[in-house]
Amino acid sequence: LAFIRSTALSGLDALNLLPVVLLLLGGFFLIGFELVVSNQRSPQMEGVRRMISVFFFLNSAIAAGILFFLLNLDLSLFGGMLAISAFTHMGTLMLALVGLGTILIATPFHTEVSHGGEYYPLLFFAESGMALMVHANDLILFFVALELMSLSLYVLISSKQDRPIFAEGSLK
């Protein structure tokens, strides 16, 4: 019972995890969105997917920026597994901005090659794995975050099968 009380999240603790939670919610929301509109492969739907992705990455960047500039706390959550500090908020802010830039740079690539709807959720899960690695204060959490990131990136690499180098990269 004492362990349950020590791992309970207060409102401030949950607020500090908001950027990472927004990245995970963005991935899950896009998977649900893809289930609803999976049979529509039009350029308009690709634009909607892109706008939803930009919305979630921008919200994650804004949340990380606000937490970095307003709350300079040093916290340890979940029995010391997660570390919250100005460094982790800055790392999450930079990762969210890199994800936003990735979406904007990948726009010409998606006009010539259509992957369907798996690109954006996999990008979100890879980014959330990176953000969890920044927050990791325990080797087990670091390994789980590394696996989340690497598996998402392997699937992203293997999604384009017309060249052998992509298939070789996904097998490694």
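The sections below set out a description of the structure shown in this document. (Residues numbered from 1 in each chain as written. Predicted model: local features only at pLDDT ≥ 70, side-chain atom pairs only at ≥ 80, totals over all residues. Heavy atoms only, no water.)

1. A closer look at the overall build of the protein chain
- A tally of regular secondary structure across the protein chain gives 9 helices and 2 strands.
- In the protein chain, the order of α-helices and β-strands from amino to carboxyl end is α-α-α-α-β-β-α-α-α-α-α.
- Counting all 172 residues of the protein chain, 42% fall into the buried class.
- Here the contacts in the protein chain between residues at least 6 apart in sequence split such that 68% fall between residues at least 24 apart.
- Total accessible area computed for the protein chain in this model is approximately 9400 Å², and 74% of it derives from carbon and sulfur atoms. (Helix = DSSP H or I, 4+ residues; strand = E, 2+ residues; numbered from the N terminus. Buried < 20%, exposed > 50% of the residue type's maximum accessible area, 1.4 Å probe, protein only. Contact = heavy atoms within 4.5 Å. Areas by Shrake-Rupley, 256 points an atom, 1.4 Å probe, with all protein chains shown as cover.)

2. Considerations on the packing of helix H3 (residues 18–36) against helix H7 (residues 119–135)
- It is at 8 Å that the axes of H3 and H7 come closest, and there the two elements cross at 160 degrees. Relative to H7, the element H3 is oriented roughly antiparallel. In terms of crossing hand, the pair formed by H3 and H7 is left-handed. Taking contact as the criterion, the partners of Val 20, Leu 23, Leu 24, Gly 26, Gly 27, Phe 28, Leu 30 and Ile 31 in H3 are, on H7, Tyr 120, Pro 121, Phe 124, Phe 125, Glu 127, Ser 128, Ala 131, Leu 132 and His 135. (Axes fitted to C-alpha atoms, helices over the stretch in contact; angles between N-to-C directions. Parallel < 35°, antiparallel > 145°, perpendicular 65-115°, else oblique. Left-handed = near helix turned anticlockwise from the far one by under 90°.)

3. Side note on the packing of H7 against helix H8 (residues 139–158)
- Packing of H7 against H8 brings their axes to within 8 Å, and their N-to-C directions diverge by 155 degrees. When the interaxial angle is binned, H7 and H8 end up roughly antiparallel. Relative to H8, H7 is oriented so that their crossing is left-handed. Contacts from Tyr 119, Leu 122, Leu 123, Phe 125, Ala 126, Ser 128, Gly 129, Met 130, Leu 132 and Met 133 in H7 reach Phe 142, Ala 145, Leu 146, Leu 148, Met 149, Ser 152, Leu 153, Val 155 and Leu 156 in H8.
- In terms of residue class, the contact of H7 with H8 is built from 16 nonpolar, 3 polar and no charged. (Nonpolar A, V, L, I, M, F, W, Y, C, P; charged D, E, K, R; others polar.)

4. A few points about the nonpolar core
- One finds Phe 57, Leu 82, Ile 103, Tyr 119 and Phe 124 to be the most contacted residues of the largest nonpolar core, which totals 31 residues.
- Going through the elements one at a time, H3, helix H4 (43–70), strand S2 (82–84), helix H5 (86–105), H7 and H8 are the ones with two or more residues in this core.
- Considering every element that reaches this core, the biggest residue donor is H7, with 8 residues.
- For Ile 103, the contacting residues outside a window of four places in its chain are Arg 50, Ser 53, Val 54, Phe 57, Tyr 120 and Leu 123. (Core = buried A, V, L, I, M, F, W, Y, C linked by side-chain atoms within 4.5 Å.)

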